[in-house]
Amino acid sequence: MPVSQIVRDVVGGSIGYEAGLDALTVAPAAEVDAELSGSLRDAFERLFKGGWQPAELHRVVARLGDPVKAGLVADASTAYGKRFSDVDPRWTAQASSLSSGPRRPDRITLLDSSLGLLIALRRLPLIDVLIPPPGTVWANPHISGDSRMLERVRALLAKAESTDFPAEAEAYSAKAQELIARHSIEEALTSVDRAEVVPFARRIGVDHPYESEKASLLDAVARANHCHTVWSPELGFSTVFGFDADIDGVELLYTSLLVQANRAMARDEPAKGKARIKAFRRSFLVAYAVRIGERLAQATRHEIAAVPSLLPVLRSRDLQVQEAMQKAFPRTVRSRGSRVDSLEGWESGRAAADEAKLR
């Protein structure tokens, strides 16, 4: 049987995976390598043109637990970008940040990973194009806003993450939120009559374990900062819709709060019992997300109250954001809330959220 037919039959499910792998192992190496390389190249091109960014595709494949597969994605992302002269710098930055897999895996391991990766890639759907893929030039490429403000926020949140004193973390995080809110208000007021300022979307990775609870934390942060989210659990990311000044703040704040939550959770979790620890962590993150959402919403209301003329602007912008979200995801399902099985975890999560409280 031709090598190309074996690969098609394995991917299509006509023959079993193990039988197909055995057949490829004894087939001429040059034919097998050419067929798998060509099939993977076509699969990567389909996904990159279909909206997948290097970091997103790498994250989904890495979740399969095979570092060789993840390394193949990293190498393919770099190689694909080099084929074009017009490459968005954000796309290039993602590709260059990915690490290759183990060096020189043996041939059987490489065959196994390549065939398994091909099956996994063929199952992935096309998604919205948020960053122009290599070879594509957009008329008005968007580059994220005030870099000086973002650097100040990053510096404050880095200090909040590194300190062992809750009061210091609270002060740094509060100042970061203050900068984010102030910048958001300024951007909203100065862009009222600018037709080119429109909502965007950005996908943010939500990694296991406890993806549902982490997605809830991201949603709480997003809603308090004039954004909306759609979580795609099977793909490992949430899509955040909003204006870029707001999305920038959401991404920075969510990442920092998750670091602070993990540190507090490790500090407070019970010492024994696998089931007890799992229930504690899940309940902790649920409570943390709820409380952070309350605190951030309060901080946002406080900032808006100082600028009464902002309310009609925010209402108009929110309608634009919801319209963009509904256009991209016309059919969504409201996810079920996570169960709280540990009162200890719930109380610890709310206490940790209060330690990280934001004005």
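Values in this document were obtained by computation on a predicted structure and should not be read as measured data. (Residues numbered from 1 in each chain as written. Predicted model: local features only at pLDDT ≥ 70, side-chain atom pairs only at ≥ 80, totals over all residues. Heavy atoms only, no water.)

## Examining the side chain of S113
Part 1: Within the fold, S113 resides in helix α7 (residues 107-123).
Part 2: For S113, a relative accessible area of 2% puts it in the buried group.
Part 3: Not counting the four nearest positions on each side in its chain, S113 is found in contact with D66, V68, K69 and L72. (Helix = DSSP H or I, 4+ residues; strand = E, 2+ residues; numbered from the N terminus. Buried < 20%, exposed > 50% of the residue type's maximum accessible area, 1.4 Å probe, protein only. Contact = heavy atoms within 4.5 Å.)

## As for unusual backbone geometry
Residues apart from glycine generally show negative phi values, whereas peptide bonds are mostly found in trans.
Part 1: For the peptide bond that leads from H208 to P209, omega is 5°, which places it in the cis range.
Part 2: Along the chain, P209 turns up in the loop between β1 (200-205) and α10 (211-224).
Part 3: At Y210, a position not held by glycine, the phi torsion is positive, near 60°.
Part 4: Here Y210 falls in the buried class, since its relative accessible area comes to 11%.
Part 5: Even without a glycine there, the phi angle at H226 is positive, about 65°.
Part 6: Looking at the element boundaries, H226 is found in the loop between α10 and β2 (228-232).
Part 7: Overall, H226 belongs to the partly exposed group, its relative accessible area being 23%.

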